[in-house]
Amino acid sequence: MFKPLILSGLVLTLAACSPQAQDRIARDAARSAITPVLIERFPGVPLEPALNCVIDNASAVQIRALALDSVTGPTESTVQIVTDIVSKPETIRCLAVEGLPALLVAGR
């Protein structure tokens with residue numbers, strides 16, 4: 001019963017915001033759903049650059065789905081969405097450019 005109330009609150013909050021604010025709120029919420037998936041499925045990958053790459057390469061539909069998953073907690077759907085995003089060539093390039101240097105610096 002508590003989760004539907006939170007979900008309703010999220011929807012109402014988003015409806016009252018500008019499109020830019022809605023996007024920022026949805027992306028922030030999606031980050032909280034993506035984080036545990038990256039930690040579990042991709043250990044050792046620098047988290048912040050990986051989060052940025054996933055968010056930047058997610059579609060609007062994927063962002064919304066992940067934002068909703070942040071309310072209920074990660075599910076198999078969350079894992080599948082993140083895996084799909086990570087598998088995109090653009091995301092792989094981003095991880096190579098942004099994540100690899102962070103990994104090399106952390107390894108020193």
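Quantities reported herein were computed from a predicted structural model and do not represent experimental measurements.

Examining the packing of helix H2 (residues 19–41) against helix H5 (residues 76–86)
Line of reasoning, step 1. At their nearest, the axes of H2 and H5 sit 10 Å apart, and the two run at 75° to each other. As the angle between them shows, H2 and H5 are arranged roughly perpendicular. Note on element contacts: H5 touches H2 through Glu76, Thr78, Val79 and Val82, opposite Ala33, Ile34, Val37, Leu38 and Arg41.
Line of reasoning, step 2. For the contact of H2 with H5, the class distribution of residues is six nonpolar, one polar and two charged.

Some points on the side chain of arginine 31
Line of reasoning, step 1. Looking at where arginine 31 falls in the secondary structure, it is placed in helix H2.
Line of reasoning, step 2. For arginine 31, a relative accessible area of 18% corresponds to the buried category.
Line of reasoning, step 3. Side-chain polar atoms of arginine 31 contact the side chain of asparagine 52, separated by 2.9 Å.
Line of reasoning, step 4. If we skip the residues at most four places from it in the chain, arginine 31 touches Glu48, Leu51, Asn52 and Ile55.

A word on the state of the cysteines
Line of reasoning, step 1. In total, this model carries one disulfide according to the counting rule given.
Line of reasoning, step 2. Linked covalently through their sulfurs, cysteine 53 and cysteine 94 form a disulfide whose S-S length is 2.0 Å. With the S-S bond torsion at -80°, the cross-link from cysteine 53 to cysteine 94 turns out left-handed. Placement of cysteine 53 in helix H3 (residues 47–57) and of cysteine 94 in helix H6 (residues 89–106) is noted, with a sequence separation of 41 residues between them.
Line of reasoning, step 3. A residue is classified by how much of its surface remains accessible, and cysteine 53, at 1% relative accessible area, is buried.
Line of reasoning, step 4. Among the residues examined, cysteine 94 registers a relative accessible area of 18% and is labelled buried.

Details of the environment of alanine 67
Line of reasoning, step 1. Here alanine 67 shows up in helix H4 (residues 60–72).
Line of reasoning, step 2. The class for alanine 67 is buried, based on a relative accessible area of 5%.

Thoughts on H2
Line of reasoning, step 1. The first and last C-alpha atoms of H2 sit 32 Å apart over 23 residues, in line with the 33 Å expected at 1.5 Å per residue.
Line of reasoning, step 2. At isoleucine 34, H2 is deflected by roughly 30°, the largest bend along its length, and proline proline 36 occurs up to four residues later in sequence.

What to know about the pattern of salt bridges
Line of reasoning, step 1. Taken as a whole and judged by the stated rule, the model has four salt bridges.
Line of reasoning, step 2. One salt bridge connects arginine 27 with aspartate 23, and the closest N-O pair in it is separated by 3.0 Å. One end of the pair is arginine 27 and the other is aspartate 23, both in helix H2 and four residues apart, which spans about a single turn.
Line of reasoning, step 3. Accessibility expressed as a relative area gives 25% for arginine 27, which makes it partly exposed.
Line of reasoning, step 4. Aspartate 23 sits in the partly exposed class, given a relative accessible area of 37%.

Thresholds applied
Residues numbered from 1 in each chain as written. Predicted model: local features only at pLDDT ≥ 70, side-chain atom pairs only at ≥ 80, totals over all residues. Heavy atoms only, no water. Axes fitted to C-alpha atoms, helices over the stretch in contact; angles between N-to-C directions. Helix = DSSP H or I, 4+ residues; strand = E, 2+ residues; numbered from the N terminus. Parallel < 35°, antiparallel > 145°, perpendicular 65-115°, else oblique. Contact = heavy atoms within 4.5 Å. Nonpolar A, V, L, I, M, F, W, Y, C, P; charged D, E, K, R; others polar. Buried < 20%, exposed > 50% of the residue type's maximum accessible area, 1.4 Å probe, protein only. Polar contact = N/O pair within 3.5 Å; in protein donor to acceptor, adjacent residues only side chain to side chain. Disulfide = S-S within 2.5 Å. Expected span 1.5 Å × (residues − 1). Bend = angle between axes of the 7 residues up to and from the residue. Salt bridge = Lys/Arg side-chain N within 4 Å of Asp/Glu carboxyl O.

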